[in-house]
Amino acid sequence: MNYHRYIELDVINGPGNRCTLFVSGCEHRCPGCYNASTWSPESGHPVTEALIQRILADLKDSRIPRHGLSLTGGDPLFHGNCADILQLVQRVKTECPDKNIWLWTGYLLEDLTPAQKAVLDYVDVLIDGPFIQSQADPSLRFRGSANQRILELQPR
């Protein structure tokens, strides 16, 4: 799996101080997407063990407490990302059980495959649905268009 950007201290993509990972790979290709550069799964940089260790260290940093990890992109639930994202969310929940995980996807919850649903076992909040430019609303919190839903999940 590749990623485009890692933000070690983010206050935009979810509540409170967060770590945010923008992954590569998205098949939705929504018109008006502001992250179109992340669509190709080959774009960006490979996710390495060093990056994962940095994310975990940042989540554990008591000097600048983080509320959790935000996963966006691209699409973390893009078929080519699911196995790596599953490993990441499992590690976060094991090593940082007090942190929450937010995940943005262009897929609808009802349409997810078993592999995609397995990731959700570790996700606290899912923002689902494609970005629809005609429903774009900059006043919406944590989502770009009115069709997208903020769903609180019950992780393991």
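Right above here is the structure, for reference.
Residues numbered from 1 in each chain as written. Predicted model: local features only at pLDDT ≥ 70, side-chain atom pairs only at ≥ 80, totals over all residues. Heavy atoms only, no water.

Novice: Any chance you could explain the pattern of salt bridges here in plain terms?
Specialist: When their charged atoms lie close together, side chains carrying opposite charge are able to pair. What the rule picks out here adds up to eleven salt bridges. Asp 61 is the salt-bridge partner of Arg 63, the closest N and O atoms lying 3.2 Å from each other. Judged by its relative accessible area of 72%, Arg 63 is exposed. Taking the relative accessible area as the measure of exposure, Asp 61 reaches 13% and is therefore buried. Through salt bridges with shared partners, a single network forms among Glu 49, Lys 60, Arg 91 and Glu 95. (Salt bridge = Lys/Arg side-chain N within 4 Å of Asp/Glu carboxyl O. Buried < 20%, exposed > 50% of the residue type's maximum accessible area, 1.4 Å probe, protein only.)

Novice: Explanation requested: the environment of Pro 76 in the structure shown.
Specialist: Position of Pro 76 relative to the elements: it lies in the loop between strand 4 (68-73) and helix 2 (82-95). Taking the relative accessible area as the measure of exposure, Pro 76 reaches 0% and is therefore buried. Taking the C-alpha atoms as reference points, Pro 76 and Gln 90, 14 residues apart in sequence, are found 14 Å from one another. (Helix = DSSP H or I, 4+ residues; strand = E, 2+ residues; numbered from the N terminus.)

Novice: I would appreciate a short explanation of helix 1 (residues 49-60) in the present structure.
Specialist: Taking 1.5 Å as the rise per residue, helix 1 with twelve residues should run 16 Å; its terminal C-alpha atoms sit 16 Å apart, in good agreement. Of the positions making up helix 1, those classed as buried are Leu 51, Ile 52, Ile 55, Leu 56, Asp 58 and Leu 59. Looking down the long axis of helix 1, one finds its buried residues gathered within 160 degrees of arc, a one-sided arrangement. Where helix 1 is buried, its residues touch strand 1 (2-10), strand 2 (18-23), strand 4 and helix 2. (Expected span 1.5 Å × (residues − 1). Arc of directions from axis to C-beta. Contact = heavy atoms within 4.5 Å.)

Novice: Hey, could you run me through unusual backbone geometry in this one?
Specialist: What you tend to see is this: most non-glycine residues have negative phi, and most peptide bonds are trans. The amide bond that connects Gly 73 to the next residue, Gly 74, takes the cis arrangement and shows omega of 25 degrees. Looking at the secondary structure, you find Gly 74 in the loop between strand 4 and helix 2. We note that Arg 29 has phi near 50 degrees; this positive angle belongs to a residue other than glycine. When you line up the elements, Arg 29 lands in the loop between strand 2 and strand 3 (45-46). On the basis of relative accessible area, Arg 29 is assigned to the partly exposed category, the value being 45%. Look at Phe 142: it is not a glycine, yet its phi comes out positive at around 65 degrees. Since its relative accessible area comes to 16%, Phe 142 is described here as buried.

Novice: Sorry, what's going on with the packing of helix 1 against helix 2 here?
Specialist: Axis angle and axis distance: for two packed helices, these are the angle between their axes and the distance between the axes, and together they describe the pair. The contact between helix 1 and helix 2 brings their axes to 11 Å, and the two run at 35 degrees. Of the two elements, helix 1 crosses helix 2, and the hand of that crossing is right-handed. Along its contact with helix 1, which presents Glu 49, Ile 52, Gln 53, Leu 56, Leu 59 and Lys 60, the element helix 2 presents Leu 88, Arg 91, Val 92 and Glu 95. Per-class residue counts for the contact of helix 1 with helix 2 are five nonpolar, one polar and four charged. (Axes fitted to C-alpha atoms, helices over the stretch in contact; angles between N-to-C directions. Left-handed = near helix turned anticlockwise from the far one by under 90°. Nonpolar A, V, L, I, M, F, W, Y, C, P; charged D, E, K, R; others polar.)

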